[in-house]
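Analysis of the macromolecular model
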Amino acid sequence: LAKTTQPISMDSYEGQEVNITCSHNNIATNDYITWYQQFPSQGPRFIIQGYKTKVTNEVASLFIPADRKSSTLSLPRVSLSDTAVYYCLVGDPFNNAGNMLTFGGGTRLMVKP
Amino acid sequence: ETGVTQTPRHLVMGMTNKKSLKCEQHLGHNAMYWYKQSAKKPLELMFVYNFKEQTENNSVPSRFSPECPNSSHLFLHLHTLQPEDSALYLCASSQDPAVTPDTQYFGPGTRLTVL
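The shown structure was predicted, so the numbers you read here are calculated from the model rather than taken from an experiment.

Considering the sheet that holds strand E1 (residues 9-13) of chain A
Residues and elements named next belong to chain A. Pairing is mixed in the open sheet, where five strands are placed in the order E1-E9-E8-E3-E4. A strand with exactly one partner marks an edge of an open sheet, and here the two such strands are E1 and strand E4 (45-50). Across the sheet, the mean angle separating the axes of adjacent strands is 25° when strand polarity is ignored.

What follows is the structure, given as structure tokens:
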């Protein structure tokens, strides 16, 4: 199973760009990278998913280098409402659904005024 | 709204009680999941159902009993729980774990307190 490592916490200020990096050194060829956001007492919410290079949607961007051993979630111009825990998941949905279902400790992002 | 609802949102029960948590998804998904999230701990996968068949049970104690009567409904029956079972119980659904890429949609959770 691909293990992920993220910083435990990060602080930022409103309007700044926030980059959260996830390390997954033993990522397998068929693995995808998925990020979720979770607010207190709520279920996680899907943010973005990618396999390689760069993926962008209306919420965030995901940067994946060529070796795929890490990925960076980029949140542009954060606001107070972006304060949450962010989880990085790595797995192969074809061969082992359980891989995609292992949540690590996540990164607790605190956005300050 | 994610299309996944859970009831009740809050539940307080004694150790000798029997209660059930309910999850319903309105997304036409084929897979449903139960997770447990204790205070300041990562989410723990408990059960996975795919096309109504249980495909994963992560060594969950028998005092937790899941039931999936159809692809839209998932229950978690609780019996003789312990105080350490107090946690946020989250239900999720996804289209099909065998289809890439598959994304899980989570419900709001049930906050369970065992006295």
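Still to come is the rest of the account.
Notes on the packing of aromatic side chains
Counted by the stated rule, this structure contains five aromatic pairs over all chains. For the ring pair A:Tyr32 and A:Tyr51, a centre distance of 5.3 Å and an interplane angle of 55° mean the geometry is tilted. With a gap of 19 residues between them, A:Tyr32 in strand E3 (residues 32-38) and A:Tyr51 in the loop between E4 and strand E5 (53-56) connect regions that are remote in the sequence. With relative accessibility at 27%, the residue A:Tyr51 sits in the partly exposed group. Cluster of aromatic residues (ring-pair linked, three or more members): A:Tyr36, A:Phe46, B:Tyr35 and B:Phe106. Lying over the aromatic face of A:Tyr51, A:Arg68 brings its terminal NZ or CZ to 4.0 Å of the ring centre.

Some words on the pattern of salt bridges
All names here are of chain A. Inspection of every chain in the model, using the stated rule, returns two salt bridges over all chains. Between Asp-11 and Lys-112 there is a salt bridge whose closest N-O contact spans 3.4 Å. With Asp-11 in strand E1 and Lys-112 in strand E9 (residues 107-112), the pair connects residues that are 101 residues apart, well separated along the chain. Judged by relative accessible area, Asp-11 falls into the exposed class, the value being 53%.

Structural notes on the nonpolar core
Counting 22 residues, the largest nonpolar core has B:Trp34, B:Phe64, B:Leu76 and B:Leu78 as its most contacted members. For this core, the secondary-structure elements that each account for two or more residues are strand E2 (10-13), strand E3 (18-25), strand E4 (31-37), strand E5 (44-50), strand E7 (64-70), strand E8 (73-79), strand E9 (87-94) and strand E11 (110-114) of chain B. Those residues within four positions of B:Phe64 in sequence are excluded, and the remaining contacts are B:Met46, B:Phe47, B:Leu76, B:His77, B:Leu78, B:Leu81, B:Asp85 and B:Tyr89. In this structure, A:Trp35, A:Leu75, A:Ala84 and A:Tyr86 belong to the second largest nonpolar core, which totals 20 residues.

A closer look at the pairing of E3(A)
All names here are of chain A. For E3, a buried count of six out of seven residues is recorded, marking the element as mostly surrounded by other parts of the structure. Inspection of the sheet shows E3 paired to strand E8 (residues 84-91) by seven bridges, in the antiparallel sense. Looking across to E8, one finds that Gln-38 is bridged to Val-85. As defined by bridge partners, E3 adjoins E4 across five bridges and the pair is classed as antiparallel. Across the sheet, residue Trp-35 finds its bridge partner in E4, namely Ile-48.

Some details on the sheet that holds E5(A)
Residues and elements named next belong to chain A. As summarised here, the arrangement of the four strands in space is E2-E7-E6-E5, forming an open sheet in which the pairing is antiparallel. In this open sheet, the two strands that pair with only one neighbour each are strand E2 (18-23) and E5. Sheet twist, expressed as the mean angle between neighbouring strand axes with direction ignored, is 15°. Here E2 runs beside strand E7 (residues 70-75); their pairing, made up of six bridges, is antiparallel. Within E7, the position partnered with Ile-20 by the bridge is Leu-73.

Some words on the state of the cysteines
For the coordinates displayed, the defined rule picks out two disulfides over all chains. For A:Cys22, the disulfide goes to A:Cys88, at an S-S distance of 2.2 Å. Where A:Cys22 bonds to A:Cys88 through sulfur, the torsion about that S-S bond is close to -80°, and the disulfide is left-handed. Here the residue A:Cys22 occupies a position in strand E2, and A:Cys88 occupies one in strand E8, the gap between them amounting to 66 residues. Classification of A:Cys22 as buried rests on a relative accessible area of 0%. On the basis of relative accessibility, which here comes to 0%, the residue A:Cys88 falls in the buried class. The disulfide that involves B:Cys23 links it to B:Cys91, with 1.9 Å between the sulfurs.

Basis of the calculations
Residues numbered from 1 in each chain as written. Chains lettered and ligands numbered in written order. Predicted model: local features only at pLDDT ≥ 70, side-chain atom pairs only at ≥ 80, totals over all residues. Heavy atoms only, no water. Pairing = 2+ DSSP bridges. Helix = DSSP H or I, 4+ residues; strand = E, 2+ residues; numbered from the N terminus. Axes fitted to C-alpha atoms, helices over the stretch in contact; angles between N-to-C directions. Phe/Tyr/Trp six-rings, centres within 6.5 Å; stacked < 30°, edge-to-face > 60°. Buried < 20%, exposed > 50% of the residue type's maximum accessible area, 1.4 Å probe, protein only. Lys NZ or Arg CZ within 6 Å of the ring centre and 35° of its normal. Salt bridge = Lys/Arg side-chain N within 4 Å of Asp/Glu carboxyl O. Core = buried A, V, L, I, M, F, W, Y, C linked by side-chain atoms within 4.5 Å. Contact = heavy atoms within 4.5 Å. Disulfide = S-S within 2.5 Å.

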